[in-house]
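Coordinate inspection notes
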Amino acid sequence: MKKTIIKFSVLFLVFMISLVVISKVMNQGNENLTMEMASATLPVVTMETADIAYNQLHGYRGVMNTAYQRETVTELGEKREATFRVTPYGLTIQGIMIEVRSLSGDRLVENSSVKDISIADKEGNIKCTVALKDLIQKDAEYMLVILLDTEEEGTIRYYTRIIWSEKTYAKEKLSFVKYFHDILYDREAAKEQGITKYLESNATGDNTTFHKVNIHSSFRQITWGDLNVTEETEPVIQMTELGTQTASFVLHYYVSTEEEKIKTYYQVEEAYRIRFLTNAERPYLLDFERTMTQIPDVKGDIYSKDKILLGIVDENLPLVESTDGNMILFQVAGRLCSYNVITGKMTILFSFYDEKNGDARTLYNQHAMKVLDVDEGGNVHFSVYGYMNRGRHEGEVGISVYHYDNTLNTIEELVYIPSDKSYQVLKQEMEQLLFLSREDELYLYLDQTVFRINTFDRSYQEIVTITQDNSMMTSEDHKVLVWQEGEDIYHGTVLEVRNLSSGLSSKILAEEGTAIKLLGFMGADIIYGVARIEDITEDAAGNTFFPMYKIGIRNSEGELLKETGQDNMYVIGCTVTQGQITLDRMLRMANGSFESTSQDYIMINEKPTTAKNKLAVVGTQVYEKYVQIQTRQSIDAKKLQVRNPKEVVFEGGRTLALTVTNAVERYYAYDLYGMAGIYTEPAGAIMLAYEKYGVVTIETGEKIWERGNLVTRNQIMAIKEARVDESRDSLAVCLDTIMQKEGFTRNTQMLLDEGKSVKEILSEGLIGSRVLELTGVPMDAVLYYVNRDIPVLAMVENGDAVLITGFNDLNVVIMNPSTGELGKKGKKDSAKWFAENGNSFITYVYE
């Protein structure tokens, strides 16, 4: 027995020693196969105007598609000179070149070396001035590419739009923005200098939170309330748009508050839109918004009982948890964090900035993160997309998918998809679809195409290409994907449904003699409408009337959950808000015409939340709305561990370049902050940009619409009155007038009689033009084209057509072939008239 015990003890000792040795070997191997994210290396370039630093440019290792590099615009000096400062961050700059290109990048206007170079300060910053050749036109935008030849990192490129103009007054507009920003820190000085005259304080301003403050907020709120803020960094000023009257700016900076000698830091973003008129007493503030986001000090005092105190942040920030509620993931101020309720471990899963990496390069915010999956073991899949501030893809734009291993505390990149476009484009597309199934298949929407990607072998498949707006939608969680098949969006024959989580697919078929249209989602359930083919009509301008006689709701398996419809009652629009579906309806009269009637509502029985950890908002006297995560059990702050995972090193690359088979023409709407939407039709883009006081561009980067910067009056003098006769109706007269103005001749009446649409006739007749169907766009918006001496055709009652050919402050000038008159009509009356006829406009631009 004693020998047996001794033998067992020896075996047990050998076993334990072996475990220790194996553990050390494994740990040593793991240590050798992981590393911290590499620090940023690339220089930063900052433009200057009259000693005002603005437009901080970040470097790209590769050639980018210039049409999408719209983050900044720089005004050239009187002699076409551009001045900029290079912060090399220790790199050796061997030479500096510039290129001037068309916005599309296809045409090289100029390239030359920068000779006027000097050391600007003790930090080794380099100041450069270059005068461009007399090859650019005044008041036209171009793309300036600055190429730094570095010894260590090769050639790095920097992009900014440029304009040479005597009418844009960038210096004055920049000076006002700096003045307004600075004065807000001193309430008494701001009051004395009459800052209130720039504000539009009213009931729409939310004065209960510092997270979002805007032009409608109170004077007290806009001057930081009771917060004793200290500006920690100089604001980085980005001039995003510059016109003859208006300009838009975005500022980024950091502030702090201090309480009991403990500092709290905040990211701040300010957006301005101003108007500057040389004959006005002062500039006008058209829009202002400030976003303040607290940086959570996860190593500090932000834990209280069962709460994580996030502070002044978005009260609707996404909160993701594992099925059992033990893992909480949240993203705030550019950091993705996870907290294990059971073990008390807080992990910063991803952030480009930290205590060791906190300069202009790592704080640059042109990227986003999304949690794709978290399991009960604390393992997480997440994505980082946009501009890569540092690490193995520094200076690139792309989409990375990572896996976080909770046991090893490591992150590993599974696939990287590069892009030559901007973060702004990726943001819009990833918000449409970015989903990872449990089988590790990644679904995403890129260049109007849905891709399925195997993250193991990095193979991919194109699922569908979307050619029309609103013909594809996803549920809020991106688990269910639906797209419409058919001749066009108004003649759909089937809705293709994919449950990306389960992998199951189904179809919703239109019955014979009907067309089906996708309307939206109610949770994960699909809302659609059905119209009879015989009821679908199209007017001469190509506008489609789609009256739906029934509305259906089905789940992703195809099971019918609800169907509604009434005799002679038709639905023409549908909106889904929290708690209900609102249906816009029309009543069919005895003579077959349609008249508007009351709306109908479908109430949504929302499922009660099963979340075990929740966001809570409390009101405080000084900080106002204060956001916190209420966890399922108490937090022991003394035992809490904060972890920073290392990155797994692997041989070879995991880059996957996606190729799109079918390119789709798109329109890009921009607001104060950047890209706000992508559309396949111009009307949707212009309506969004009109609402957001923005601009619209096309694939070449050229601007085809902007809000503001109109002259006070304009009339197209080449267009005279014309009247219908026996050979031409009003639409043919309008088309002939447009053709003649542009120097073309067509028998438009014959083409109309042959069944050709207005768009087809103009597209074929106006060689080199892009025809824009603008149904639904308000009259004020289409005056942009009249301001550029381009007439706008409008369809009115009885199928008649008119041309808008001029405007002033009070009137528009209309050529009406039915009466043979060319005359003025009041703006308000005209806007009402066109709206009553569906705002059915069509015009064109030359590319």
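Below you will find a few notes about this structure. Everything numeric in this text was worked out from a predicted model, so none of it was measured.

Cut-offs applied
- Residues numbered from 1 in each chain as written.
- Predicted model: local features only at pLDDT ≥ 70, side-chain atom pairs only at ≥ 80, totals over all residues.
- Heavy atoms only, no water.
- Helix = DSSP H or I, 4+ residues; strand = E, 2+ residues; numbered from the N terminus.
- Rg over C-alpha atoms; globule rule 2.2 N^0.38 Å.
- Buried < 20%, exposed > 50% of the residue type's maximum accessible area, 1.4 Å probe, protein only.
- Contact = heavy atoms within 4.5 Å.
- Areas by Shrake-Rupley, 256 points an atom, 1.4 Å probe, with all protein chains shown as cover.
- Pairing = 2+ DSSP bridges.
- Axes fitted to C-alpha atoms, helices over the stretch in contact; angles between N-to-C directions.
- Salt bridge = Lys/Arg side-chain N within 4 Å of Asp/Glu carboxyl O.
- Phe/Tyr/Trp six-rings, centres within 6.5 Å; stacked < 30°, edge-to-face > 60°.
- Core = buried A, V, L, I, M, F, W, Y, C linked by side-chain atoms within 4.5 Å.
- 1 Å grid on protein atoms, 1.4 Å probe; cavity = no way out; pocket = protein on both sides within 12 Å on 5 of 7 lines; lining within 4 Å.
- Points joined across faces, edges and corners; volume = space filled by probe spheres on them.
- Nonpolar A, V, L, I, M, F, W, Y, C, P; charged D, E, K, R; others polar.
- Arc of directions from axis to C-beta.
- Parallel < 35°, antiparallel > 145°, perpendicular 65-115°, else oblique.
- Left-handed = near helix turned anticlockwise from the far one by under 90°.
- Polar contact = N/O pair within 3.5 Å; in protein donor to acceptor, adjacent residues only side chain to side chain.

Another point: the overall build of the chain. Regarding its fold elements, the chain presents eleven helices and 60 strands. Against the compact-globule benchmark of 29 Å for 847 residues, the chain has a radius of gyration of 30 Å, which places it among compact chains. Expressed as lengths along the three principal axes of its C-alpha atoms, the size of the chain is roughly 120 × 70 × 55 Å. Residue burial in the chain is summarised as follows: out of 847 residues, 52% are buried. Partitioning the intrachain contacts of the chain with sequence separation of at least 6 by distance along the chain shows that 58% fall at a separation of at least 24. For the chain, the accessible surface area stands at approximately 39,000 Å², while carbon and sulfur atoms represent 48% of it.

Turning to the pairing of strand S53 (residues 703-706), a few remarks are in order. Across three bridges, strand S52 (residues 695-697) lies against S53 in antiparallel orientation. Pairing of Thr697 across the sheet is with Lys703, part of S53. Between S52 and S53, which pair antiparallel one after the other, the connecting turn spans five residues, and Gly701 there sits at a positive phi close to 90°.

Here we come to the sheet that holds S52. Strand order across the open sheet formed by four strands is S51-S50-S52-S53, with antiparallel pairing between neighbours. Lying at the two open borders of the sheet, with one neighbouring strand each, are strand S51 (675-679) and S53. Sheet twist, expressed as the average angle between the axes of neighbouring strands with direction ignored, equals 20°. Of the pairings in the sheet, the one linking strand S50 (residues 667-670) to S52 comprises three bridges and is antiparallel in character. The partner of Tyr668 across the bridge, within S52, is Thr697.

Another point: the pattern of salt bridges. Here the structure, examined in full by the defined rule, presents 40 salt bridges. Here Asp447 makes a salt bridge to Lys421, at a shortest N to O gap of 3.3 Å. One end of the pair, Asp447, is in the loop between strand S29 (441-446) and strand S30 (449-454); the other, Lys421, is in the loop between strand S27 (410-419) and helix H5 (423-432), and 26 residues separate them in sequence. Residue Lys421 is classed as buried on the basis of its relative accessible area, which comes to 12%. A salt bridge links Lys550 to Glu511, with the nearest nitrogen and oxygen atoms 3.3 Å apart. Of this pair, Lys550 sits in strand S40 (residues 550-554) while Glu511 is found in the loop between strand S35 (505-509) and strand S36 (514-522), placing the two residues 39 residues apart along the sequence. With a relative accessible area of 14%, Lys550 lands in the buried category.

Looking now at the pairing of strand S8 (residues 116-119). As defined by bridge partners, S8 adjoins strand S9 (residues 126-131) across four bridges and the pair is classed as antiparallel. Counterpart to Ser118 in the pairing with S9 is Lys127. Hairpin remark: S8 followed by S9, antiparallel, with six residues in the connecting loop; positive phi at Gly124, about 90°.

Okay, the packing of aromatic side chains next. Evaluated as defined, the whole model comprises 29 aromatic pairs. When the centroid spacing of 5.7 Å and the interplanar angle of 5° are considered together, the rings of Tyr185 and Trp224 count as stacked. Placement of Tyr185 in the loop between helix H2 (170-183) and helix H3 (187-192) and of Trp224 in the loop between helix H4 (219-222) and strand S13 (230-231) is noted, with a sequence separation of 39 residues between them. Trp224 gets classed as buried once you look at its relative accessible area, which sits at 2%. Measuring from centroid to centroid gives 5.9 Å for Tyr490 and Phe546, while their planes differ by 45°, and the two rings are tilted. Taken together, the residues Tyr490 in the loop between strand S33 (480-486) and strand S34 (492-499) and Phe546 in the loop between strand S39 (544-545) and S40 connect sequence positions 56 residues apart. For Tyr490, a relative accessible area of 28% puts it in the partly exposed group. Taken together, the aromatic side chains of Phe176, Tyr179, Phe180, Tyr198, Tyr272 and Phe288 make up a single cluster linked through ring pairs.

Most often, soluble globular proteins keep nonpolar side chains buried together rather than apart. The biggest cluster of nonpolar side chains holds 123 residues, and the ones touching the most others in it are Phe84, Ile146, Phe180, Phe249, Met292 and Leu444. Looking at this core element by element, the count peaks at seven residues for strand S10 (residues 141-150). For Met292, the residues in contact, after removing those within four places along its chain, are Phe210, His211, Trp224, Leu227, Val229, Val255, Tyr266, Gln267, Val268 and Ile312. Residues Leu735, Met779, Trp833 and Val845 belong to the second largest nonpolar core, which totals 61 residues.

In sheet architecture, strand pairing relies on hydrogen bonds along the backbone and comes in two forms, parallel and antiparallel. An order of S20-S21-S22-S23-S48 is seen for the five strands of this open sheet, with the pairing classed as mixed. Each having just a single partner strand, strand S20 (319-321) and strand S48 (641-643) make up the two edges of the open sheet. Taken pair by pair, the neighbouring strands of this sheet meet at an average axis angle of 20°, ignoring direction.

Of the pockets and cavities examined, the second largest pocket occupies roughly 890 Å³. Lining the second largest pocket are 34 residues, with Asp139, Ala140, Glu141, Lys703 and Arg788 positioned closest to its centre. Elements supplying a minimum of two residues to the lining of the second largest pocket: S10, S53, helix H10 (779-787) and strand S60 (840-846). The element best represented in the lining of the second largest pocket is S53, accounting for three residues. Partitioning the lining of the second largest pocket into residue classes produces twelve nonpolar, eleven polar and eleven charged.

A few words now on the environment of Ala531. Residue placement: Ala531 occurs in strand S37 (residues 525-532). C-alpha of Ala531 to C-alpha of Lys421: the two residues are 110 residues apart in sequence and 39 Å apart in space. If we skip the residues at most four places from it in the chain, Ala531 touches Gly513, Thr514, Ala515, Ile536, Phe546, Pro547, Met548 and Tyr549.

Moving on to helix H9 (residues 758-765). Residue pairs spaced three or four apart in an α-helix point in one direction, given the helix's 3.6 residues per turn. Those residues of H9 not exposed but buried are Val758, Ile761, Leu762 and Gly765. When H9 is viewed along its axis, its buried side chains cluster within an angular range of 90° and face the same direction. Elements in contact with the buried residues of H9: helix H7 (730-741), helix H8 (748-753), strand S55 (769-773) and S60.

To continue, consider the side chain of Thr805. Mapping Thr805 onto the fold places it in strand S57 (residues 801-807). Classification of Thr805 by relative accessible area gives buried; the value is 0%. Beyond its immediate sequence surroundings of up to four residues, Thr805 is in contact with Asn714, Gln715, Ile716, Ile719, Val786, Val813, Met815 and Leu822.

For the pair H7 and H9, interaxial distance at closest approach is 11 Å and the crossing angle is 20°. Between H7 and H9, the angle falls in the class roughly parallel. Crossing geometry of H7 relative to H9 is assigned as right-handed. Taking contact as the criterion, the partners of Leu731, Leu735, Ile738 and Met739 in H7 are, on H9, Val758, Ile761, Leu762 and Gly765. The residue makeup of the contact of H7 with H9, split by class, is seven nonpolar, one polar and no charged.

Let us now look at the side chain of Arg654. Counting through the fold element by element, Arg654 comes out in the loop between strand S49 (646-648) and S50. Judged by its relative accessible area of 17%, Arg654 is buried. Side chain to side chain, Arg654 and Glu412 meet in a polar contact 2.7 Å long. At a separation of 2.7 Å, a polar atom in the side chain of Arg654 contacts the main-chain carbonyl oxygen of Glu413. The contact partners of Arg654, leaving out residues within four places of it in the chain, are Glu412, Glu413, Leu414, Val415, Tyr416 and Arg458.

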